[in-house]
Amino acid sequence: MTIDPSPGDGSGRSKILRQLLEVVTNLWQLIIFLAPAAGIGAAVLLHHLDQISVALTWAIAVASSLSGLVVLATKKDTITKWLRKWAKHAWAALVGLGRSILACGLTAAVVAGVGWAATGTVAAMFGGSCSPPLDLRVLTAPENLTALRRVAAEYTTAGDTRCRPVRITVAASGSVLNVASGFQNGWYSAPGAGENGRGALQPDILVPASSGEADRLLAAPHPNVRLENEGSIGSSPLAVGISSSATGDLDNALAGRDRPRLGELLDAARRNGVQRIFRASPDVSEIGVLASVDLYAGGALGDPRSTERALGNATLPLSDSAALLCELRHRPASAERLAVIAPEQVLADYVHGRALGATCPAPGWGGPQLTIHRVSDTHTFDYPFIRVTWDGQSSTRRTHEIDAFRRWLGHGRLRSEAFRDAAGRPGTADSTGGSLNLGPAPPVTVRPYHRAEIDDALARFAQVRPPQHIALALDVSGSMSGGRSQGGSRFTYAVQLARTAAQTAIHDTDTVELDVFSRLQKQPPFRAVAPPGRRGAIGTALDGLTPQGSDIPLYDAIGDAAARVAAYPQAIVVVLTDGGSEAADPRGRATALRHALKTRPIVVLTGTDTCGRSASIKALGTAVRCVDAGGGREPNDVVTSVFDLTTQPGGG
């Protein structure tokens, strides 16, 4: 007689275990062959990491379901026996069913694990695709460009290096008037936005040097834009760099005082051989305006007129402190004693050979050695973080990324860049490696500039600055329709430069005229489109212009423009062109033009020709100033170079 093995019999248990082992083995084979194939197939078809994960999830679910059906189909006889004996062997059946469920659960877990592992493998193999990073645009004073570009690069590479969520561009903001006018007019257009398109440089973040300037901006009405001051990200006191050769004499004159008043320090410096004192120009520099607050209020060099006279004999670029010190670094060391009034962090960069803007990379040495002198009565630059929200451009993602960058900057991240933190404490770390020793730099009390003080300094400077007559001569020949590598046409870019100059560099007390030149039938090659008047008329005149006609020789354009201003005692001639046509005899024409010129025209090249390659510019030599507007330079950067009246001859 045949005896059925009871559930508790050893042979029965062995049979069940063999059956379960067979089920697990079959499912494992299914996993090995199907799961990776399903994952790779989904990756190839969908090409997106998120979609790969979704596809594999469904593949795993289907595979698990099919595995369960296979188990039911192949073991139906065993399951039937279990059901028939349910009443008699309920507990044993439940135990057996529990084992089967446990085996199936473990199998499903293994399936899921292998599936997600396959997802990671596929993502690594095929790379997936990343969403485009969000572009954030930051504007700041030229003195801060190097530092903010470095910390922005550090921030964007700190997280996921394959799929970076944000890309941060840092550009120079120009003068106080430049920034205010930019917001008033929706900022200027960008290349490719149409011949007279407007409004593309619109920043997401503004980092001015002073909360006083932030207050001025917040108080003014700005169409279609909202500004929010989110607090200081660092600080730097106004300091004076003086030739190290004068240190001993100054110590004796000041009786060893560490922090004299600004007037006392400058007076002692002048009495001990310091012949020239440099400060960035308020005409084109935010730092120049703020430094003038301290110079005018304390009478360090006398009244405002005496101050500007004392600072007016400079032969260095005064567009910003970094450019000034960069040019100084390129000069050979000499016994001459001089002084530079600038933020402490810019002076520290000079002293320690760190980068000073794009044209002075680190390590950089040369020029006279300077010692940083800190004074007791000057203000502190406190660098507020201004969130800028433009109508139609706000989004949850943009808000999140600006929030994250602001949190990361905190109030002391810039200490690694020779700044102090928001409380005035100095840092010692150097983001470029090594140690940045700032010397004996005790904490300072942060004393921000105030809005009323800035307004007063601007008004005083306007009173002592002589009114200028500016002639803008714009090339409207057909060649100006040619494209630029950065996008847009040469004419578009020249119009942007003229518009930006009228908005930001030309004062209300100045007179300005707009002339155009090209060769047209029945018209003079050089003709006026906006007669001498206030700057407000320039924008309207520019709106109606289009390129037409052929080139005229560059010498003729320069000569005609200079002749227009010959009667004015204070005149500036700016010629905006792609180079025009070269004269047949550049050297002979250049000699004649040099003798005829009564002013020094500024030629701005917007095309492929450069100051160093133009035969006409080289032949004219120091009779003209030339500014290269290529290389993707922002319009306000070019305009600042143009109206920095001490830019060196023959180069941009």
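Residues numbered from 1 in each chain as written. Predicted model: local features only at pLDDT ≥ 70, side-chain atom pairs only at ≥ 80, totals over all residues. Heavy atoms only, no water.

(A) Representation of empty space enclosed by the protein in the model. Following the criterion strictly, the structure yields four cavities of 30 Å³ or more and no others. Counted as a void, the largest cavity has a volume near 70 Å³. Looking at the largest cavity, it is lined by 10 residues, and the ones nearest its centre are Asp 283, Arg 465, Ala 505, Ile 572 and Phe 643. Of the residues belonging to the lining of the largest cavity, the class tally is six nonpolar, one polar and three charged. (1 Å grid on protein atoms, 1.4 Å probe; cavity = no way out; pocket = protein on both sides within 12 Å on 5 of 7 lines; lining within 4 Å. Points joined across faces, edges and corners; volume = space filled by probe spheres on them. Nonpolar A, V, L, I, M, F, W, Y, C, P; charged D, E, K, R; others polar.)

(B) Seen up close, unusual backbone geometry. Phi is positive for Tyr 383, which is not a glycine, with a value near 45 degrees. Structurally, Tyr 383 can be placed in the loop between β9 (380-381) and β10 (384-390). Despite not being glycine, Ala 418 has its phi angle at roughly 75 degrees, a positive value. Position of Ala 418 among the secondary structure elements: in the loop between α14 (396-409) and α15 (451-464). (Helix = DSSP H or I, 4+ residues; strand = E, 2+ residues; numbered from the N terminus.)

(C) Inspection of the state of the cysteines at higher detail. Overall, the coordinates contain two disulfides when judged by the stated rule. One disulfide bridge connects Cys 611 with Cys 626, the sulfur atoms lying 2.0 Å from each other. Disulfide Cys 611 to Cys 626: torsion about the S-S bond roughly -85 degrees, handedness left-handed. In this pair, Cys 611 is assigned in the loop between β15 (602-605) and α20 (615-620) and Cys 626 in strand β16 (residues 625-628), connecting sequence segments 15 residues apart. Cys 626 matches Cys 611 in its accessibility class, with the two residues each being buried. (Disulfide = S-S within 2.5 Å. Buried < 20%, exposed > 50% of the residue type's maximum accessible area, 1.4 Å probe, protein only.)

(D) Inspection of helix α16 (residues 490-504) at higher detail. The terminal C-alpha atoms of α16 lie 21 Å apart, and with 15 residues this matches the ideal 21 Å at 1.5 Å per residue to within 8%. With 15 of its 15 residues buried, α16 lies for the most part within the structure. (Expected span 1.5 Å × (residues − 1).)

(E) Main features of helix α7 (residues 211-219). Three or more residues of α7 are buried, namely Ser 211, Gly 212, Glu 213, Ala 214, Arg 216 and Leu 217. Where α7 is buried, its residues touch α6 (176-184), β3 (205-207), β4 (225-232), α10 (286-298), β10 and α15. (Contact = heavy atoms within 4.5 Å.)

(F) Representation of the packing of aromatic side chains within the structure. By the definition in use, this model includes eight aromatic pairs. Ring geometry for Tyr 155 against Phe 405: centres 5.0 Å apart, planes inclined by 55 degrees, an arrangement best described as tilted. Here Tyr 155, found in helix α5 (residues 145-156), pairs with Phe 405, found in helix α14; they are 250 residues apart in sequence, far enough to count as distant. Exposure class is identical for Tyr 155 and Phe 405. Each is buried. Judged by centre distance (5.5 Å) and plane angle (35 degrees), the rings of Phe 381 and Tyr 449 are tilted. Of this pair, Phe 381 sits in strand β9 while Tyr 449 sits in the loop between α14 and α15, and the two are 68 residues apart along the sequence. (Phe/Tyr/Trp six-rings, centres within 6.5 Å; stacked < 30°, edge-to-face > 60°.)

(G) Representation of the packing of α10 against helix α11 (residues 304-311) in the model. For the pair α10 and α11, interaxial distance at closest approach is 9 Å and the crossing angle is 125 degrees. By the angle between their axes, α10 is oblique relative to α11. The crossing of α10 and α11 is right-handed. Of the residues in α11, those touching α10 at Ser 292, Leu 295 and Tyr 296 are Pro 304, Thr 307, Glu 308 and Leu 311. Broken down by class, the residue content of the contact of α10 with α11 amounts to four nonpolar, two polar and one charged. (Axes fitted to C-alpha atoms, helices over the stretch in contact; angles between N-to-C directions. Parallel < 35°, antiparallel > 145°, perpendicular 65-115°, else oblique. Left-handed = near helix turned anticlockwise from the far one by under 90°.)

(H) Structural view of the sheet that holds β10. The sheet built from five strands is open, its strands ordered β2-β1-β3-β10-β4 with mixed pairing. Each end of this open sheet is capped by a strand with a single partner; those strands are β2 (166-172) and β4. Strand-to-strand, the axes of this sheet are offset by a mean angle of 25 degrees, without reference to chain direction. Bridge count between strand β1 (residues 134-140) and β2: seven bridges; the pairing is parallel. Each bridged residue has a counterpart across the sheet, and for Thr 140 the counterpart in β2 is Ala 172. Across the face of the sheet, α5 comes into contact with β1, β2 and β3 while running at roughly 180 degrees to β2. (Pairing = 2+ DSSP bridges.)

(I) Here's a closer look at the side chain of Asp 510. As for its placement among the helices and strands, Asp 510 is situated in the loop between α16 and β12 (511-517). Polar side-chain contacts of Asp 510 include one of 2.8 Å to the backbone nitrogen of Gln 468. Apart from residues no more than four positions distant in its own chain, Asp 510 is found in contact with Arg 465, Pro 467, Gln 468, Ile 470, Gly 533 and Arg 534. (Polar contact = N/O pair within 3.5 Å; in protein donor to acceptor, adjacent residues only side chain to side chain.)

(J) Broad picture of the pairing of strand β14 (residues 571-577). Among the seven residues that make up β14, seven are buried, leaving the element largely enclosed by the rest of the structure. Judged by which residues are buried, β14 turns out to be covered on both faces: Ala 571, Val 573, Val 575 and Thr 577 on one side and Ile 572, Val 574 and Leu 576 on the other are all buried. Direction of pairing for strand β11 (residues 469-475) relative to β14: parallel, over a ladder of six bridges. Bridge pairing in β14 places Leu 474 opposite Leu 576. Strand direction decides the pairing type here: β14 and β15, joined by four bridges, are parallel. Each bridged residue has a counterpart across the sheet, and for Val 575 the counterpart in β15 is Val 603.

(K) Representation of the pattern of salt bridges. In total, this model carries 27 salt bridges according to the counting rule given. Here Glu 344 and Arg 420 are joined by a salt bridge, their closest N and O atoms 2.8 Å apart. Of this pair, Glu 344 sits in helix α13 (residues 344-351) while Arg 420 sits in the loop between α14 and α15, and the two are 76 residues apart along the sequence. Each member of the pair, Glu 344 as well as Arg 420, is classed as buried. Within the structure, one salt-bridge network assembled from shared partners comprises Arg 150, Asp 349, Arg 354 and Glu 417. (Salt bridge = Lys/Arg side-chain N within 4 Å of Asp/Glu carboxyl O.)

(L) Layout of the confidence of the model for the protein. Summing up the model confidence of the protein, the mean pLDDT is 78 and the portion of residues at 70 or higher is 72%. In the model of the protein, helix α2 (residues 49-74) stands out as the element of lowest mean pLDDT, 54, in contrast to β9, which has the highest, 97. In this model residues 43-53 is a low-confidence stretch, pLDDT under 50, and it forms 16 contacts with partners more than four residues away in sequence or in other chains. Scored below 50 in pLDDT, residues 646-652 makes 26 contacts in the model with residues more than four places away or belonging to other chains. (pLDDT = per-residue confidence, 0-100.)

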